[in-house]
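Residue strings, one per chain:
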Amino acid sequence: MPDPVTGGEKLHQHGYAYYLDLSGGILADYEPEELVEVRSRIGEPYAVYVSCQSMDAARAFLRDVLPGVDGLLDTNHHEILPAHEFLMLLDRYPGWDWRRQPSTDLP
């Protein structure tokens, strides 16, 4: 459903609430060299910003939307991973908190 205050979208799924910004405006928050890296990997990006209430909510959402996505996921914690690799890590490490532990530090 549209959020009249922010212009974004609200989603309620699996008992969790999410805020989605589909405008692509989040790209303005990237450093120029980050955008160069992203463009070199996938071409011109289309960015979606998702905010949620917990790591459990984030895992549930990402497990629902990422299968089949050919793109990149920015953890917002200094890592940009291919979507399929991110899902593989979620499956292998169900309790992984990418905010606190980079994928390179996983056993």
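Residues numbered from 1 in each chain as written. Predicted model: local features only at pLDDT ≥ 70, side-chain atom pairs only at ≥ 80, totals over all residues. Heavy atoms only, no water.

## With respect to the nonpolar core
Ranked by internal contacts, the top residues of the largest apolar core, which has 19 residues, are Leu62, Leu66, Phe86, Leu89, Leu90, Trp96 and Trp98. Counting residues per element, the ones that place at least two in this core are β2 (16–21), α2 (55–65) and α3 (83–92). Contacts of Trp96, omitting those with residues within four sequence positions, involve Met55, Arg59, Glu79, Leu81, Phe86, Leu89, Leu90, Gln101, Pro102, Ser103 and Leu106. (Core = buried A, V, L, I, M, F, W, Y, C linked by side-chain atoms within 4.5 Å. Buried < 20%, exposed > 50% of the residue type's maximum accessible area, 1.4 Å probe, protein only. Helix = DSSP H or I, 4+ residues; strand = E, 2+ residues; numbered from the N terminus. Contact = heavy atoms within 4.5 Å.)

## Brief notes about the pairing of strand β1 (residues 9–13)
One ladder, built from five bridges, connects β1 with β2; its direction is antiparallel. Looking at the pairing, Lys10 lines up with Tyr19 of β2. Counted along the chain from β1 to the antiparallel partner β2, the turn is two residues long, and its residue His14 has a positive phi close to 55 degrees. (Pairing = 2+ DSSP bridges.)

## Comments concerning a nonpolar patch on the surface
Together, Leu22, Tyr46, Val48 and Val50 make up an exposed nonpolar region whose accessible area comes to about 370 Å². If you trace the backbone, Val48 turns up in the loop between α1 (32–42) and β3 (49–52). The class for Val48 is partly exposed, based on a relative accessible area of 41%. (Patch = residues over 30% accessible without salt bridge, like charges linked within 9 Å, V, L, I, M, F, W, Y side chains within 5 Å. Areas by Shrake-Rupley, 256 points an atom, 1.4 Å probe, with all protein chains shown as cover. Salt bridge = Lys/Arg side-chain N within 4 Å of Asp/Glu carboxyl O.)

## Notes on α2
Helical periodicity: at 3.6 residues per turn, an α-helix aligns residues three or four positions apart in one direction. Burial in α2 covers these residues: Met55, Ala57, Ala58, Arg59, Phe61 and Leu62. Each element contacted by the buried residues of α2 is listed here: β1, β2, β3, β4 (72–74) and α3.

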